[in-house]
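Descriptive structure summary
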Amino acid sequence: MTPILARFSLEGRVALVTGGSSGIGLAIAEALHGAGASVVLCARRADALRQAAETLSARAAACLGDVADRAGLADLAARAAEPFGAPEIVVHAAGLNARQPWDQVDDAAWNAQIESMLAAPFFLSRALLPGMRAKGRGRVLNIASLQSTRAMPDSIPYGAAKGGVAQLTRAMAEAWGRYGITCNAIAPGFFPTALTAPVFADAERAARLAAQTCLGRNGRLEDLQGAAVFLASDAAAYVTGQVLAVDGGFLAK
């Protein structure tokens, strides 16, 4: 029998992480890299992307790209395969939240949020599918949200995208399981990132959110790393179509 810890190893695997220059994306990239994977980081900001890749090792590369540009996703998938070969793991961590009140939501903000967080996980994964099928395995890891299941203020487009991510995860799992590809999502609670900076800037609000959890605290980025490695590894070979809340029990309380 294979030792259980060996099933969590990502040695020899190639991962593409969008939104990989900071926040949740970079934290997950660090975890996959630490578990042995070669990691390709994708983001829009060249300097931040280069710096993030340099913090890892020779098994890391930068791939400049904007996942909200649907027409460029096939090219992005091809470029992501250049450093280490075709990725069999993809993490869709790129995202934004314009935090506009409902009567101020404009077309540009709506489209940017839906494209980057709902359309891109499908179209980019589909572009990577031939490489995964050739290897006989694949792991798609989406980033859902507390807003996949509940509403929060000034976040209608964000909530719509993240609600869609939960169903997209199930639908991709159904479509691609026959090829040895699993599709799952992590739904983070409140973590300090650039995206949530307005929340954590309000100490009283941050404290209220911490009190809402079962554990009495908000998340630390390292709290996401174990779940990401598990879902990307052979240990999760029979787990697909699931949304795993890593939220300190926020939704349970």
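Under the annotation held in an unreviewed UniProt entry, the chain carries the name Gluconate 5-dehydrogenase and is attributed to Falsiroseomonas bella. The chain has a UniProt comment under Sequence similarities (unreviewed entry) that states "Belongs to the short-chain dehydrogenases/reductases (SDR) family."

Comments concerning the UniProt feature "domain: Ketoreductase" (unreviewed entry) in the chain
When the UniProt feature table is mapped onto this chain numbering, "domain: Ketoreductase" (unreviewed entry) sits at residues 13–189. As annotated, residues 13–189 comprises 45% helix and 19% strand, and the C-alpha atoms at either end are separated by 28 Å.

Re the pairing of strand β3 (residues 60–64)
As paired elements, strand β2 (residues 38–43) and β3 share 5 bridges and run parallel to each other. Counterpart to Cys42 in the pairing with β3 is Cys63.

A word on the sheet that holds strand β4 (residues 89–92)
Pairing is parallel in the open sheet, where 7 strands are placed in the order β3-β2-β1-β4-β5-β6-β7. Of all the strands in the sheet, the pair left with one neighbour each is β3 and β7 (243–246). Averaged over all pairs of adjacent strands, the angle between their axes in this sheet comes to 20°, without regard to strand direction. Pairing analysis gives 4 bridges linking β4 to strand β5 (residues 138–143), with the strands arranged parallel. In the strand pairing of β5, Ile89 is matched with Arg139. Lying on the sheet, helix α8 (residues 225–232) is in contact with β4, β5, β6 (181–188) and β7; it crosses β6 at an angle near 170°.

Considering the packing of aromatic side chains
On inspection of all chains with the given rule, the structure shows 4 aromatic pairs. Ring centres of Phe8 and Phe230 lie 6.3 Å apart, and the angle between their planes is 35°; on these two criteria the pair is classed as tilted. Of this pair, Phe8 sits in the segment before β1 (14–18) while Phe230 sits in helix α8, and the two are 222 residues apart along the sequence. Geometrically, the ring pair formed by Phe122 and Phe123 is edge-to-face, given 4.9 Å between the ring centres and 70° between the ring planes. Put simply, the rings of Phe122, Phe123 and Trp176 pair up and form one aromatic cluster. Positioned above the aromatic ring of Tyr179 is the side chain of Arg133, whose terminal nitrogen or guanidinium carbon lies 3.8 Å from the ring centre.

Quick notes on the pattern of salt bridges
What the rule picks out here adds up to 13 salt bridges. Of the charged contacts in the structure, one is a salt bridge between Asp234 and Arg139, with a shortest N-O distance of 3.8 Å. Residue Asp234 is found in the loop between α8 and β7, and its partner Arg139 is found in strand β5; the two are separated by 95 residues along the sequence. The exposure class of Asp234 is partly exposed, given its relative accessible area of 28%. A salt bridge links Asp223 to Arg217, with the shortest nitrogen-to-oxygen separation between them at 2.9 Å.

Cut-off values and rules
Residues numbered from 1 in each chain as written. Predicted model: local features only at pLDDT ≥ 70, side-chain atom pairs only at ≥ 80, totals over all residues. Heavy atoms only, no water. UniProt positions renumbered as here; feature names shortened; annotations may be inferred. Helix = DSSP H or I, 4+ residues; strand = E, 2+ residues; numbered from the N terminus. Pairing = 2+ DSSP bridges. Axes fitted to C-alpha atoms, helices over the stretch in contact; angles between N-to-C directions. Contact = heavy atoms within 4.5 Å. Phe/Tyr/Trp six-rings, centres within 6.5 Å; stacked < 30°, edge-to-face > 60°. Lys NZ or Arg CZ within 6 Å of the ring centre and 35° of its normal. Salt bridge = Lys/Arg side-chain N within 4 Å of Asp/Glu carboxyl O. Buried < 20%, exposed > 50% of the residue type's maximum accessible area, 1.4 Å probe, protein only.

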